[in-house]
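One letter stands for each residue in the lines below.
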Amino acid sequence: ISDNSKKISQYYFVLNDWMMLKQKGGGIADYLRHQNAKRVAIYGMKELGERLYDELQMEKDIEIVCSIDEGADKLITDIPIIKLNDPIPKDIDLVIVTPVFYYREIEKNLKTKMMADIVSLDYIITMQLHRV
């Protein structure tokens, strides 16, 4: 199976689990509160990143500080776009990586640039599914 097929399959399972989490009354913000992450960055603003932004935007106690996205010059959101070579705000509590298929590579790159915790979206969803 090609990497593209594996990536699409993984994204399908992330979206399915996310839907199950929502149907059980849970959400991403519950995980963030449990981790005391009040200021977050979203890495990757394609479909999963946009959905995450939409969900977290409604939370009054969680601030989306920025998006980190190498390929985007203009996003639909009102948060700043940071590229990896740009200075990354130091007061971020957590970075959520939405291109989950590339998580390990992204995590490795981010760890050289910042001290914040870095987690993949699928990890958060899986952890929350076990809690609800």
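Residues numbered from 1 in each chain as written. Predicted model: local features only at pLDDT ≥ 70, side-chain atom pairs only at ≥ 80, totals over all residues. Heavy atoms only, no water.

### Re helix 3 (residues 47-57)
Spacing of three or four residues puts side chains on the same side of an α-helix, whose turn is 3.6 residues. Those residues of helix 3 not exposed but buried are Leu48, Gly49, Leu52, Tyr53, Glu55 and Leu56. Looking down the long axis of helix 3, one finds its buried residues gathered within 165° of arc, a one-sided arrangement. In the core, the buried residues of helix 3 are packed alongside helix 1 (3-23), helix 2 (28-34), strand 1 (39-43), strand 2 (63-68), strand 4 (94-97) and helix 5 (121-131). (Buried < 20%, exposed > 50% of the residue type's maximum accessible area, 1.4 Å probe, protein only. Helix = DSSP H or I, 4+ residues; strand = E, 2+ residues; numbered from the N terminus. Arc of directions from axis to C-beta. Contact = heavy atoms within 4.5 Å.)

### Quick word on the packing of aromatic side chains
This model, assessed by the stated rule, comprises three aromatic pairs. Ring geometry for phenylalanine 101 versus tyrosine 102: centroids 5.2 Å apart, planes at 90°, classification edge-to-face. You can call phenylalanine 101 partly exposed: its relative accessible area is 26%. (Phe/Tyr/Trp six-rings, centres within 6.5 Å; stacked < 30°, edge-to-face > 60°.)

### Some details on the packing of helix 1 against helix 3
Relative orientation of the contacting elements helix 1 and helix 3 amounts to 15°, with a least axis distance of 12 Å. Classified by the angle their axes make, helix 1 and helix 3 are roughly parallel. For the pair helix 1 and helix 3, the sense of crossing is left-handed. Residues Tyr11, Val14, Leu15, Trp18 and Lys22 of helix 1 form the contact with helix 3, whose participating residues are Leu48, Arg51, Leu52 and Glu55. When its residues are assigned to classes, the contact of helix 1 with helix 3 shows six nonpolar, no polar and three charged. (Axes fitted to C-alpha atoms, helices over the stretch in contact; angles between N-to-C directions. Parallel < 35°, antiparallel > 145°, perpendicular 65-115°, else oblique. Left-handed = near helix turned anticlockwise from the far one by under 90°. Nonpolar A, V, L, I, M, F, W, Y, C, P; charged D, E, K, R; others polar.)

### Quick notes on the confidence of the model for the protein chain
Put simply, the protein chain has an average pLDDT of 92, and 95% of its residues get 70 or more. Averaged pLDDT values over the elements of the protein chain bottom out at 88 in strand 3 (residues 81-82) and peak at 98 in strand 4. (pLDDT = per-residue confidence, 0-100.)

### Structural notes on helix 1
Taking 1.5 Å as the rise per residue, helix 1 with 21 residues should run 30 Å; its terminal C-alpha atoms sit 30 Å apart, in good agreement. Where helix 1 is buried, its residues touch helix 2, helix 3 and helix 5. Positive phi appears at glycine 25, one or two residues downstream of helix 1, with a value of about 90°. (Expected span 1.5 Å × (residues − 1).)

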